[in-house]
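Structural description and commentary
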Amino acid sequence: MNKFLILVVEDDPPVRNLIATTLKAHDYRYLTADTGEGAVMEAASHAPDVILLDLGLPDMDGVEVIHRVRDWSNVPIIVISARSEDADKIAALDAGADDYLTKPFSVDELLARLRVTQRRLALMGGDESASVYENGALRIDFAAGCAWLGGEELHLTAIEYKLLCLLARNTGKVLTHKFITQGVWGSSWDNDVASLRVYMATLRKKLEAAPGSPQYIQTHIGIGYRMMKVE
Amino acid sequence: MESGSEHILACLSSSPSNGRIIRTAARMAQVFRGTFTALYVKTSDAGAASQEDKRRLRYNQALAEKLGARIETVYGEDVPFQIAEYARLNGVTKIVLGRSSAGRRRLFGRPPLTEQLLAYAPEVDIHIIPDKSADGPYRPKQAAESGKSAAKNALWSLGILAAATLISLPLHTWGFTDANIIMVYILGVVLTSVVTTHPVYALASSVASVLVFNYLFTVPRFSFAAYGTGYPVTFLIMFLTAYITSTLAMRYKARAGQAALTARRTKMLFDANQALSKARGRDEILDTAAERLVGLLGRNTVIYPLEDGLLQEPMLYPATGEMAYDTDAERPAARRALTEDAPGEGDKGGYLYAPLKVNDRKYGVVGLDVRSEMLDGSERDILSSILAECTLALENERNAREKEAAAVLAESEKLRADLLRTISHDLRTPLTTISGNAANLLANEDKFDPETRRAIYGDIYDDAQWLTELVENLLYATRIEEGRMTLNPSAELLSDIVDEAVAHTRRKTRKGAVRVIHSKELLLVRADARLAVQVIVNLIDNAFKYAGENASVTVTDGQCGGMVEVLVTDDGPGVADSEKERVFEKFFCGQAPVADDRRRLGLGLYLCRAIIQAHGGTIEVRDNQPHGAVFRFTLPLEEVTLHE
């Protein structure tokens, strides 16, 4: 029995049924809500481990739900939205959502997102303030200010190191361009995004065995980047 | 302008019979269901009309208004010309005139109004209403000749008479006959008729010549008596000869002057028309009209364009160098000219404002500097002609714009209808299989062996996937159609875009492989990431559709001048030369021998081209060696300065 409790917020019954059936088939426990108000109530009373949140709710903007939940909880939130609404996704991520799913999504995608979130929660469990970060062959010593890949030290520029740390501290979470550029440069304008892409590319060259199919840093076209948890 | 319907024009005047003309015109308008306009041509001497005439004019105007006429006033000296101009520019089809204004040919001066009107506007029907008023043809009281020109004319007449006498005296002394002296006087009268501006001087001069000749040269000299029995006849013939010759000279002069005036006006209008018809857009038309006015009248000119019923900031056109113009002080006068629909002067009399209007549509107000002197008659003619040409050009421009908008609308309606028809047809097939398969499973799940069930699930999944892709493309297509294709470009890593697209297509179950060759350089591209990914996805899908499921497809990226390029290459049969351009057309599906035809909507490549063009790139198809097709597109390269 999977101990995970998932709150499914979705107003469209067939989609809600689909998600519920999938979760049941994979031994997750779940609750459902079909309005924003209901979602906030359920989240407060049952303290779910993950919230699956549809952005198009009848009573309230999904981003508003995120703001309300984030007032008192750090529960991971995965938003679900239609494909052509990148701006909504970015707004949701900037408001504090952790990940997103695009409609129409496959069942496999849904399960993969849940696993990523599970691993992230496990990681967060103990070493929140740890001075050493370990993920697969990657090891970062925040105190010493250096990083190793499989025992070999990575020679990173200052910006590359900052980027790596930012991604590492948010492993499993999709970080928007705005979030990253603000975290690294303290500002967010268009030229920073161009710079970000170049630094990200050079960082990956040093980090990834095959930059074409990255293991650590995932690209989310039009949205941002994410550090994956590697087994 | 109501095309096809009649537009009837009656001329307002102070004539007592004008009421009949107005009533007739109103009846005609009713019968033809046409529009009815009453036109008043205001000449510069209108102010000098008698109280009686003014009152009758007001009465006639009120009558026309009551009978449903639109009252229009134009300003100018040349009445037939103004009527014809108004008729031409406003699409008037019939003009109603009274017999009195139709008039008989007068001895002096110009041909009657009807003939002049016919000459100016040959395409308009002219209806003449018999004038039954007992008073005979009505003529408004002619304004008295100005004192200045009367004195000048009188001086000329006297001078010429004196000169003729001075020449004749020595001739008489030397014994020349009376005939010679008479000829000298006749010559004098002809000269008088040429240099003076009114026929009365030629007449007076004829009489005076006879008297002077009688007094000075016939026996007994220095008296008005004459002894010779033939003299009365001589005097009569002398008078008639002098008078008729002078009349002919005078008429010729008037004709020549009129012809010159007409030629000048025609040329000016033609030039203005040419210039205005070349002008594109409202501002250029106004500029051109203002330049013409400045050039022809030499006065400072302002134009207030009208937008959404509000007068905009005036545009100033100085005649020479700088021009001082107090917009705040002058604007009320301009607005008054617009609302009262008639020319008017500013409070301080500095500028004369005239509205730019045609039918009920107003386009602005033109102001002319009249501080030095008021416009004279011919200047008013020029002004009203240029204004009329200008409004006509504005009207044409506006009509053209409306027409274009309507055409665009019709075109997009047609596209939408096409799209709907094609889609509803193409959606039906996968929907039929999905619902049929699902119904089968619901009813007979137990009867199928696991193998068969798996196959049915697979079919449902594939069809649903296909629909998903289709809906995605349709969404983009409708956005392009509605002009809502809003790009959201940012700096993207080209290899990220290619990788994302290839990863997307790899999710599909197909046997063929996609190979990716990245450029060694880090290439940044300025593009809407999602749309750029869609282009590559469509190109890869297209390659598999036409080259077969087992094809090998290669995606190559690289730099090409100031652009980046992406090539999608397959090893299928390629695209025939005749179809190379057409593959990017909407709903075009080639002849490639792939069995399942319903999988092709002919939208994929159309969208690719629309997206690439919206980014300022190009897309084309070439042949691959030894066989196959290469689709190549370019996108703008993004230069980056790194932020440390």
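In what follows, the structure referred to is the one given above.
Residues numbered from 1 in each chain as written. Chains lettered and ligands numbered in written order. Predicted model: local features only at pLDDT ≥ 70, side-chain atom pairs only at ≥ 80, totals over all residues. Heavy atoms only, no water.

Here's the deal with the overall build of chain A
- Helix and strand counts for chain A stand at 8 helices and 12 strands.
- Taking all 231 residues of chain A together, the buried fraction comes to 53%.
- In chain A, the proportion of contacts linking residues at least 24 apart, taken out of those at least 6 apart, comes to 57%.
- For chain A, the exposed surface amounts to about 10,000 Å²; the carbon and sulfur share of it is 51%. (Helix = DSSP H or I, 4+ residues; strand = E, 2+ residues; numbered from the N terminus. Buried < 20%, exposed > 50% of the residue type's maximum accessible area, 1.4 Å probe, protein only. Contact = heavy atoms within 4.5 Å. Areas by Shrake-Rupley, 256 points an atom, 1.4 Å probe, with all protein chains shown as cover.)

Notes on the nonpolar core
Residue and element names in this part refer to chain B.
- Counting 58 residues, the largest nonpolar core has Ile 536, Val 555 and Phe 633 as the members making the most contacts within it.
- Per element, the largest residue contribution to this core is 11 residues, and it comes from helix H15 (residues 529–547).
- Once residues lying within four places of it in the same chain are set aside, the contact partners of Ile 536 are Ile 497, Val 498, Ala 501, Val 555, Val 566 and Phe 633.
- Judged by nonpolar contacts, the second largest core, of 30 residues, contains Leu 297, Ile 303, Ile 386 and Leu 394. (Core = buried A, V, L, I, M, F, W, Y, C linked by side-chain atoms within 4.5 Å.)

What about the side chain of Glu 389 of chain B?
Residue and element names in this part refer to chain B.
- Within the fold, Glu 389 resides in helix H12 (residues 377–444).
- Among the polar contacts made by the side chain of Glu 389, one reaches the side chain of Asn 273 at a distance of 3.2 Å.
- When residues no more than four places from it in sequence are discounted, the contact partners of Glu 389 are Arg 88, Leu 89, Leu 269, Asn 273 and Leu 276. (Polar contact = N/O pair within 3.5 Å; in protein donor to acceptor, adjacent residues only side chain to side chain.)

Details of the sheet that holds strand S11 (residues 217–220) of chain A
All names here are of chain A.
- Overall, antiparallel pairing links the 3 strands, which are arranged S10-S12-S11 in an open sheet. Here the strands that pair on one side only, and so sit at the sheet edges, are strand S10 (174–176) and S11. Strand-to-strand twist in this sheet, taken as the mean axis angle between neighbours without regard to direction, amounts to 30°.
- Sheet analysis places S11 next to strand S12 (residues 224–227), joined by 4 bridges and oriented antiparallel. Looking at the pairing, His 220 lines up with Gly 224 of S12.
- Packing against the sheet, helix H6 (residues 158–169) makes contact with S10, S11 and S12, and its axis sits at approximately 70° to S12. (Pairing = 2+ DSSP bridges. Axes fitted to C-alpha atoms, helices over the stretch in contact; angles between N-to-C directions.)

Topic: unusual backbone geometry
- With omega at 0°, the peptide bond leading from Gln 625 of chain B into Pro 626 of chain B counts as cis.
- One non-glycine residue, Ala 47 of chain A, adopts positive backbone phi at about 45°.
- For Ala 47 of chain A, a relative accessible area of 56% puts it in the exposed group.

Things to note about the interface of chain A and chain B
- Contacts between the two partners involve 26 residues from chain A, matched on the other side by 26 residues from chain B.
- Across the chain A/chain B interface, buried area totals approximately 2,300 Å², and carbon plus sulfur atoms make up 54% of it.
- Here chain A is connected to chain B by 2 salt bridges.
- The residue Asp 496 of chain B makes a salt bridge to Arg 204 of chain A at a minimum N-O spacing of 3.3 Å.
- Linking chain A to chain B there are 3 residue pairs in polar contact (both at pLDDT 80 or more).
- Contributing elements (two or more residues each) for the side of chain A that touches chain B: helix H4 (86–95) and helix H8 (190–207) of chain A.
- It is H8 of chain A that provides the largest number of residues to the side of chain A that touches chain B, a total of 13 residues.
- Grouping the amino acids of the side of chain A that touches chain B by side-chain chemistry returns 11 nonpolar, 7 polar and 8 charged. (Buried area = accessible area lost by both parts, 1.4 Å probe. Salt bridge = Lys/Arg side-chain N within 4 Å of Asp/Glu carboxyl O. Nonpolar A, V, L, I, M, F, W, Y, C, P; charged D, E, K, R; others polar.)

Here's the deal with the pairing of strand S18 (residues 629–636) of chain B
Residues and elements named next belong to chain B.
- Extensive coverage of S18 is indicated by the burial of 7 of its 8 residues.
- Strand direction decides the pairing type here: strand S17 (residues 619–623) and S18, joined by 5 bridges, are antiparallel. Considered in S18, the bridge of Glu 620 is made with Arg 632.
- The antiparallel hairpin formed by S17 and S18 contains 5 residues in its connecting segment, where Gly 628 sits at a positive phi of about 120°.

A look at the sheet that holds strand S2 (residues 35–42) of chain B
All names here are of chain B.
- Read from one edge to the other, the open sheet built from 5 strands follows the order S3-S2-S1-S4-S5, with strand pairing classed as parallel. Two strands bound the open sheet, and with one partner strand each, they are strand S3 (70–75) and strand S5 (125–129). Taking each pair of neighbouring strands and ignoring which way they run, the sheet shows an average axis angle of 30°.
- Judged from the 5 bridges that link them, strand S4 (residues 94–98) and S5 form a sheet pairing that is parallel. Residue Val 96 lies in a different strand from S5, and its bridge partner there is His 127.

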